[in-house]
Each structure stands twice: as structure tokens, then as C-alpha cells.
Amino acid sequence: MPVAVIQMVSQSDVLANLARARVLLEQAAAGGARLAVLPENFAAMGRRDIAEIGRAEAFGQGPILPWLKQVARDLKLWIVAGTLPLPPVDQPEARSHACSLLVDDQGQIVARYDKLHLFDVDVADNRGRYRESDDYAYGANVVVADTPVGRVGLTVCYDLRFPELYSELRAAGAELITAPSAFTAVTGAAHWDVLIRARAIETQCYVLAAAQGGLHPGPRETFGHAAIVDPWGRVLAQQDQGEAVLLAERDNNEQASIRARMPVASHRRFFSQGARQRPVQDDEFKA
């Protein structure tokens, strides 16, 4: 069951980005992929008109959603559309979410995940300050959906730092987890590989970590290193910088064997709130 992860170096021109994404998706389909994952902000990087882009898409006046549905139909390919700005379905005038869509090979949206954790941090790079909550609303739901390659859990970028989300996805039956990202060069160099491998190991899922990898308007530099990681934490494919299409196959039997031999899901224990807060007494350690 081949899957593909795509790395891009998206710029501010939406139509140009969509054209490049189509070329890369065609390569993924030609390689036999049944599902392909685009990176975070695949359609635009460095734009300050997020609200306008999201509103146009919500009212059917933007280019991104029609393009996405058409390319999925043309290529007979399931696509995880990294992120694009979209307001809630029933509130098109509301603030946009950083939204990751799962589209089937008939061009139908079958799942939507709104990014739970927004990147409001200070980074020692040439930009210095990132505040996603200035542009986006927080998501509220954990999302898992069935696909031809297995049950897929959806996450985005900064979510990688919150393992409890990944535990919830595993509990909901996830076999693969997508992580479209745009890690900064600084945070990526420090933590990217560790995080994507840790999330794969602890959930015993395939992690499909699409990425942005290069220089963007802003100015902004992203780390790249898009990767496919298996449930044992092995990196099956990876690209450092620039555009790329990474392909790998999900081995259902091996994944089942890993989970059977090390059944961490059934071993997990949780402390009660009271137990976490109970202070340790010195005399507990005295003979």
C-alpha cells in the first residue's frame, strides 16, 4: 500500500504553488501512491491576507478547493491537503482555522482537521516572533478517518510537541498519522527528527511528515527533512531541502507484529489528578 509524502518550497503566489503541487502529486501517483500528503501552507507562504483567502474559499470564490478536488479526481489519488485557511463550514464569516483536509479519489472531502496547537513562540532566527493565533482560531477535535491505506489520524506541525494528541489518535484506531509541517530551520534542526520518530514509536503508527524546506517570503527559512517513519521508528525515506516526492509502503503484517510483541496500548497507565498533586513525604524513603 504505497503512500507519498511531499516536500515543497511554497511562495506567496497561490496559483504558482498549486501548479508546483500538481506536478509533485502527479509524480506521487505515477509512483503508485494511493495517498499523498502535502505540507503545511502548501498553497501560500508569507501571506498576510489569511482572512481574505479563507473567506474566498468558504464562499466558493477561491482557487484552492476546486483545484484540490479536481486533481484528486484526475489522479485517482487520496490527498491530505497540508493546511489551508478555512472558517467553520457553518460560519463562513468567522475566523479561519489552519485546516487539514482529507480528500478521496473522487474529489470528496471526507475529513477535516482544524489545527489544535497554534505556534505562538519566539525563535532565535531572522524573524524572531511567530504568533499563529493572530491569524487563526484554535481547533477543538481529534480526527481519524478510514482510507485505502489504513486508518489515518490527522495532525499538523506544532502538534508534534503534544504526545497526548497522538495517544488519542492511537486510541481512536489510527494506523498512520499525518504531520504536514513548516518547521523553522532553528527548531527543526533541534527537534524535528526526534519528534517524528518519537511519535511513531510511542503510537506504533506510520508517521507521514510532509514539510516545507527552503526560503520563503517573510523572510522565513524552513527546515525541510520531510520523512516517512515506520512504527518501529525507522526512517524509510527523507529529503533534506528543496522539492521532493517520497514514497514508501505500509507493511500491515509488520505493524501488527510490532503491536502484538510490544502491546504498549494495553500497558498504558494514567495517574489520577489527586495522585499527581500529592506531595512526596520525606519519611516515605526512610527505612
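- The protein carries the name Carbon-nitrogen hydrolase family protein in an unreviewed UniProt entry, which gives Pseudomonas bijieensis as its organism.
- In the Sequence similarities (unreviewed entry) part of its UniProt record, the protein is described as follows: "Belongs to the carbon-nitrogen hydrolase superfamily. NIT1/NIT2 family."

## A short note on the environment of Q241
No. 1: Structurally, Q241 is set in the loop between β16 (235-239) and β17 (244-249).
No. 2: The exposure class of Q241 is partly exposed, given its relative accessible area of 32%.
No. 3: Counting along the chain gives 119 residues from Q241 to D122, while the straight-line C-alpha distance between them is 23 Å.
No. 4: The residues contacting Q241, other than those within four sequence positions of it, are Q7, G213, G214, T222, F223 and G224.

## Regarding the packing of helix α4 (residues 163-171) against helix α5 (residues 185-203)
A pair of packed helices is captured by two measures, namely the crossing angle of their axes and the spacing between those axes.
No. 1: Two numbers describe how α4 lies on α5: the axes approach to 10 Å, and their chain directions differ by 40 degrees. Where α4 crosses over α5, the two elements pack in a sense that is right-handed. On α5, the residues that touch P163, Y166 and R170 of α4 are R199, E202 and T203.
No. 2: Here the residues of the contact of α4 with α5 sort into 2 nonpolar, 1 polar and 3 charged.

## Considering the state of the cysteines
No. 1: Overall, the coordinates contain 0 disulfides when judged by the stated rule.
No. 2: C157 supplies the cysteine sulfur nearest to C99, a cysteine that is in no disulfide, at a spacing of 15 Å.
No. 3: Residue class for C99 comes out buried when judged on its relative accessible area of 0%.
No. 4: Residue class for C157 comes out buried when judged on its relative accessible area of 8%.

## Side note on empty space enclosed by the protein
No. 1: Enumeration according to the criterion identifies 1 cavity of 30 Å³ or more in this entry.
No. 2: Here the largest cavity is characterised by a volume of approximately 70 Å³.
No. 3: Considering the residues around the largest cavity, the lining is formed by E40, K115, F119, E132, C157, Y158, R161, A182, F183, T184, T187 and R220.
No. 4: Residues that form the lining of the largest cavity fall into these classes: 5 nonpolar, 2 polar and 5 charged.

## Regarding the layout of surface pockets
No. 1: Considered as a void within the structure, the largest pocket measures approximately 480 Å³ in volume.
No. 2: Around the largest pocket, the lining is made up of 26 residues, and of these R47, R48, R127, D135 and R220 lie nearest the centre.
No. 3: Sorting the residues of the lining of the largest pocket by element identifies α2 (50-58), β3 (78-86) and β7 (129-131) as the ones contributing at least two each.
No. 4: Looking at side-chain class alone, the lining of the largest pocket contains 12 nonpolar, 5 polar and 9 charged residues.
No. 5: By volume, the second largest pocket amounts to about 160 Å³.
No. 6: Taken together, E57, A58, L65, L86, P87, P88, V89, P92, L101, I109 and R112 form the lining of the second largest pocket.
No. 7: Those elements giving two or more residues to the lining of the second largest pocket turn out to be α2 and β5 (109-114).
No. 8: Its residues placed into classes, the lining of the second largest pocket shows 9 nonpolar, no polar and 2 charged.

## Focus on the UniProt feature "domain: CN hydrolase" (unreviewed entry) in the protein
No. 1: The sites that carry the UniProt feature "domain: CN hydrolase" (unreviewed entry) are, in the present numbering, residues 1-252.
No. 2: Annotation note: span residues 1-252, helix share 27%, strand share 30%, distance between end C-alpha atoms 9 Å.

## Examining the pairing of β17
Successive side chains on a regular strand alternate, one facing one side of the sheet and the next facing the other.
No. 1: With burial as the criterion, only one face of β17 is covered, namely that bearing A244, L246 and A248; the residues V245, L247 and E249 on the opposite face remain uncovered.
No. 2: One ladder, built from 6 bridges, connects strand β1 (residues 2-8) with β17; its direction is antiparallel. In the sheet register, A4 faces β17, and the bridge partner there is L247.

## Some remarks on the sheet that holds strand β8 (residues 144-147)
No. 1: Overall, mixed pairing links the 6 strands, which are arranged β8-β9-β10-β11-β15-β16 in an open sheet. If you trace the sheet from one side to the other, it starts and ends with β8 and β16, each paired once. In this sheet, neighbouring strand axes are inclined to one another by 20 degrees on average, regardless of whether the strands run parallel or antiparallel.
No. 2: Strand direction decides the pairing type here: strand β15 (residues 226-229) and β16, joined by 4 bridges, are antiparallel. In the strand pairing of β16, V229 is matched with V235.

About the criteria used
Residues numbered from 1 in each chain as written. Predicted model: local features only at pLDDT ≥ 70, side-chain atom pairs only at ≥ 80, totals over all residues. Heavy atoms only, no water. UniProt positions renumbered as here; feature names shortened; annotations may be inferred. Helix = DSSP H or I, 4+ residues; strand = E, 2+ residues; numbered from the N terminus. Buried < 20%, exposed > 50% of the residue type's maximum accessible area, 1.4 Å probe, protein only. Contact = heavy atoms within 4.5 Å. Axes fitted to C-alpha atoms, helices over the stretch in contact; angles between N-to-C directions. Left-handed = near helix turned anticlockwise from the far one by under 90°. Nonpolar A, V, L, I, M, F, W, Y, C, P; charged D, E, K, R; others polar. Disulfide = S-S within 2.5 Å. 1 Å grid on protein atoms, 1.4 Å probe; cavity = no way out; pocket = protein on both sides within 12 Å on 5 of 7 lines; lining within 4 Å. Points joined across faces, edges and corners; volume = space filled by probe spheres on them. Pairing = 2+ DSSP bridges.

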